[in-house]
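# Observations on the three-dimensional arrangement
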Amino acid sequence: MFAACVVLAAACVVVLPVIGSRLPLYVVLVGFGIGNRTLAALWSPIVLDRFGTENATATVGLLNTAIAGSAFLAPLAVSALRGITGSYTSPLAALGVVTVAGVALFYWGTASEQSGSV
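On a predicted model such as this, the values are computed, not experimentally measured, just so you know.

## A few points about the overall build of the chain
If you tally the helices and strands in the chain, you get 4 helices and 0 strands. Helices and strands in the chain line up, N terminus first, as α-α-α-α. With the C-alpha coordinates aligned to their principal axes, the bounding extent of the chain is approximately 45 × 25 × 25 Å. Residue burial in the chain is summarised as follows: out of 118 residues, 19% are buried. For the chain, the share of sequence-separated contacts (at least 6 apart) that also reach a separation of at least 24 residues comes to 56%.

Quick look at the structure:
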């Protein structure tokens, strides 16, 4: 379930720059919301399971600091890149690539030590 939601959310971000009309845009945004809804629900159990209850608050604080920084800087970066390129296609495609990379890093960083991924 987690992997399917990650793939759905990442695919929606990657597809976003090539949408040319409203109806497909709404469909993609709903898909992105569905993917993120499940990820949000699984966030706490993943952190607690991987990092333990004794480190949960520090881990959540660190991750939330990164999320807040991204939420502040991403719109500024997209606007700056739009000014340079003249369209939103390249900045949103770059955002999709960064999102997929972030998902991969989160999956790698939270994989159990028994899986051999870490």
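## Re the packing of aromatic side chains
Applying the stated criterion across every chain yields a total of 0 aromatic pairs. Over the aromatic face of Phe 51 sits the side chain of Arg 50, whose NZ or CZ is 6.0 Å from the ring centroid.

Calculation rules
In every chain, residue numbers begin from 1 and rise along the written sequence. The predicted nature of this model means local features are confined to residues of pLDDT at least 70 and side-chain atom pairs, given and counted, to a pLDDT of 80 or more, with totals for whole chains, interfaces and linings taken over all residues. Excluding hydrogens and water, the side-chain values take into account all heavy atoms of the structure. Numbered from the N terminus, helices here are DSSP runs of H or I no shorter than four residues, and strands are runs of E no shorter than two. A simple rule labels every residue: compare its accessible area, found with a 1.4 Å probe on the protein chains alone, to the largest value its type can have, and call it buried under 20%, exposed over 50%, or partly exposed in between. In this description, contact between two residues means that some pair of their heavy atoms is separated by no more than 4.5 Å. In summary, the pairing rule links any two rings of Phe, Tyr or Trp, Trp by its six-membered ring, whose centres are within 6.5 Å, and it sorts them by plane angle into stacked for under 30 degrees, edge-to-face for over 60 and tilted for everything else. For a ring to carry a charge above it, either NZ of a lysine or CZ of an arginine must fall within 6 Å of the ring centroid while also lying within 35 degrees of the normal to the ring plane.

In short, geometric facts, not functional conclusions.
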